[in-house]
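Letter by letter, the chains look like this.
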Amino acid sequence: LDDDRTTVEAYLSFLGVSEGELRTLKSHFGGRFVEKQIKPFLRWFSELGFDNAQAAKTTIKFPQLMACSLEEIWKPKVQWLKELGIDDSQVAKMITKFPPLMGVCLEGNLKPRVQWLKEL
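The model shown is predicted, which means the values in this text are computed figures rather than measured ones.

The rules we used
- Just so you know, the residues in each chain are numbered from 1, in the order the chain's sequence is written.
- Whole-chain, interface and lining totals are the exception, using all residues; otherwise, since this is a predicted model, local features are given only for residues with pLDDT of at least 70 and side-chain atom pairs are given and counted only at 80 or more.
- Side-chain metrics in this entry use all non-hydrogen atoms of the structure; hydrogen atoms and water are not considered.
- What counts as a salt bridge is simple: a side-chain nitrogen of Lys or Arg found within 4 Å of a carboxyl oxygen of Asp or Glu.
- Numbering of helices and strands starts at the N terminus; helices are DSSP runs of H or I of at least 4 residues and strands are runs of E of at least 2.
- Note on classification: 1.4 Å probe, protein chains only; a residue is buried when its accessible area is under 20% of the maximum for its type, exposed when over 50%, partly exposed between these limits.
- Each residue after the first adds 1.5 Å to the expected span of a helix.
- Note on definitions: a residue-residue contact is assigned when non-hydrogen atoms from the two residues lie within 4.5 Å.
- Polar contacts here mean pairs of N or O atoms no more than 3.5 Å apart (in protein, one a potential hydrogen donor and the other a potential acceptor; neighbouring residues in sequence count only if both atoms are side-chain atoms).
- Note on method: axes are straight lines fitted to C-alpha atoms, helices fitted across the in-contact stretch only, with angles between N-to-C directions ranging 0 to 180 degrees.
- For classification purposes, an angle smaller than 35 degrees is called roughly parallel, one larger than 145 roughly antiparallel, one from 65 to 115 roughly perpendicular, and anything else oblique.
- Crossing handedness: left-handed means the near helix sits turned counterclockwise from the far one by under a right angle, and right-handed means the same turn made clockwise.
- Note that patches include only residues with greater than 30% relative accessible area and no salt bridge, and the join distances are 9 Å for like charges and 5 Å for nonpolar side chains (Val, Leu, Ile, Met, Phe, Trp, Tyr).
- In this description, accessible areas are obtained by the Shrake-Rupley approach with a 1.4 Å probe, and a residue is regarded as covered only by the protein chains that are shown.

Asker: Tell me about the pattern of salt bridges, residues and numbers included.
Answerer: Following the criterion strictly, the structure yields 3 salt bridges and no others. K75 serves as the salt-bridge partner of E71, at 2.9 Å between the closest nitrogen and oxygen. Of this pair, E71 and K75 both sit in helix α4 (residues 70-83), 4 residues apart, which is roughly one turn of that helix. According to the relative accessible area criterion, K75 is partly exposed, its value standing at 29%. Residues K82 and D88 are paired through a salt bridge, measuring 2.8 Å at the closest nitrogen-oxygen approach. When its relative accessible area of 33% is taken as the criterion, K82 is described as partly exposed.

Asker: Break down α4 for me, citing the residues and quoting the values.
Answerer: The terminal C-alpha atoms of α4, which comprises 14 residues, lie 18 Å apart, in line with the 20 Å expected from a rise of 1.5 Å per residue. Where the residues of α4 are buried, they touch α2 (19-48), α5 (88-97) and α6 (106-119). The N-cap residue of α4 is S69: its side-chain oxygen and the backbone nitrogen of E71 are 3.3 Å apart. Residue G85 follows α4 closely and has a positive phi angle near 100°.

Asker: Break down the packing of α2 against α4 for me, citing the residues and quoting the values.
Answerer: Direction vectors running N to C along α2 and α4 enclose 15°, while the axes themselves pass 12 Å from each other. Viewed along their axes, α2 and α4 adopt a mutual orientation that is roughly parallel. Note that α2 runs across α4; the crossing there is right-handed. Facing P40, F41, W44, F45 and L48 of α2, the residues of α4 in contact are L70, W74, K75, V78 and K82.

Asker: Explain the packing of helix α3 (residues 52-61) against α5 residue by residue, including any values.
Answerer: The interhelical angle for the contact between α3 and α5, taken along N-to-C directions, is 35°, at an axis separation of 9 Å. The two elements α3 and α5 meet at a crossing, and its hand is left-handed. Here α3 contributes Q54, K57, T58 and K61 to the contact with α5, which in turn contributes A92, K93, I95, T96 and K97.

Asker: I'd love a proper account of a nonpolar patch on the surface, names of residues and values included.
Answerer: A contiguous nonpolar surface patch, about 390 Å² in accessible area, is contributed by W116, L117 and L120. Accessibility expressed as a relative area gives 52% for L117, which makes it exposed.

Such coordinate-based values are descriptive only and should not be taken to indicate function.
This is the structure:
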């Protein structure tokens, strides 16, 4: 995926995503969304240490989360998780096991809950 000429579809296929899953993804979100929005996430997942199965599962299971800003939503949330002492492999596992976590508001939900737990 480092080569900009590599299509997201080809890469997702390499990761093990079936043709049917690719068709569903494209029918729900369109080819442009898949190319322009998902490609940066796949690159970032790789940087975080996601294995192929984790990247494919997260992308196919909750593609709507890829509509959230990588820079404004995902990266700050992951940085905060790291500040809590969670390493990259644990972050990858958390996102893979429970992708909706990335859709939860950091300031209005996650931080207050963690603070409350710390105060117990």
